[in-house]
Amino acid sequence: VQLQASGGGLVQAGDSLRLSCTASGLTFEGCAMAWFRQGPGKEREFVAVISRGGGNTDYADSVKGRFTISRDDAKYTVHLQMNSLLPEDTAVYYCAAKNTRYFYTPRRNDDYDTWGQGTQVTVSS
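Calculation criteria
- Residues numbered from 1 in each chain as written.
- Predicted model: local features only at pLDDT ≥ 70, side-chain atom pairs only at ≥ 80, totals over all residues.
- Heavy atoms only, no water.
- Phe/Tyr/Trp six-rings, centres within 6.5 Å; stacked < 30°, edge-to-face > 60°.
- Helix = DSSP H or I, 4+ residues; strand = E, 2+ residues; numbered from the N terminus.
- Buried < 20%, exposed > 50% of the residue type's maximum accessible area, 1.4 Å probe, protein only.
- Disulfide = S-S within 2.5 Å.

### So, the packing of aromatic side chains
Tallied over the entire structure, the rule returns six aromatic pairs. Consider the rings of Phe 36 and Tyr 112, whose centres lie 5.5 Å apart with planes at 75°: the pair is edge-to-face. Highlighted residues: Phe 36 in strand β4 (residues 31–38) and Tyr 112 in the loop between β9 (91–99) and β10 (114–115), separated in sequence by 76 residues. For Tyr 112, a relative accessible area of 6% corresponds to the buried category.

### Focus on the state of the cysteines
The full count for this structure, using the stated rule, is one disulfide. Through a disulfide, Cys 21 is tied to Cys 95; the S-S separation comes to 2.0 Å. On the sign convention where negative means left-handed, the S-S torsion of about 55° between Cys 21 and Cys 95 marks this disulfide as right-handed. You can see Cys 21 sitting in strand β3 (residues 17–24) and its partner Cys 95 sitting in strand β9, a full 74 residues away along the chain. Judged by relative accessible area, which is 0%, Cys 21 ranks as buried. Cysteine Cys 31 remains unbridged, with the sulfur of Cys 21 as its closest cysteine sulfur at 11 Å.

### Describing unusual backbone geometry
In this structure, Tyr 76 takes a positive phi of about 55° despite not being glycine. Structurally, the position occupied by Tyr 76 is in the loop between β7 (67–72) and β8 (77–82). Of the residues examined, Tyr 76 reaches a relative accessible area of 30% and is grouped as partly exposed. We note that Ser 84 has phi near 50°; this positive angle belongs to a residue other than glycine. Tracing the sequence through the fold places Ser 84 in the loop between β8 and β9. Of the residues examined, Ser 84 reaches a relative accessible area of 41% and is grouped as partly exposed.

This is the structure we're talking about:
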């Protein structure tokens with residue numbers, strides 16, 4: 001089972017980035033998929049989640065209105081479109097998967113059993 005995240009980089013405040021996470025070795029369409037992040041000296045925190053089927057999404061208040069999570073089950077991929085980036089968005093971004101039969105949107109670290117390796121996003125002011 002593997003989650004491969006990509007798309008991070010160094011950008012300026014106000015710019016956009018699109019992160020992608022491609023899964024292998026799991027039943028992707030049966031998973032809720034989420035993004036978390038861990039900034040320098042901080043604990044890992046929830047960013048966004050999309051339910052299996054894609055019908056439900058949820059966001060951290062700090063990114064609501066700026067970030068959009070989406071999924072392409074045919075390509076086993078989840079995306080995080082990040083607009084109007086701020087320096088405080090600087091972090092390592094991780095994707096995570098939770099195999100579930102429910103169409104819900106879990107937000108806790110402990111809810112997830114499979115994690116990707118992370119991709120660095122750095123936003124300069």
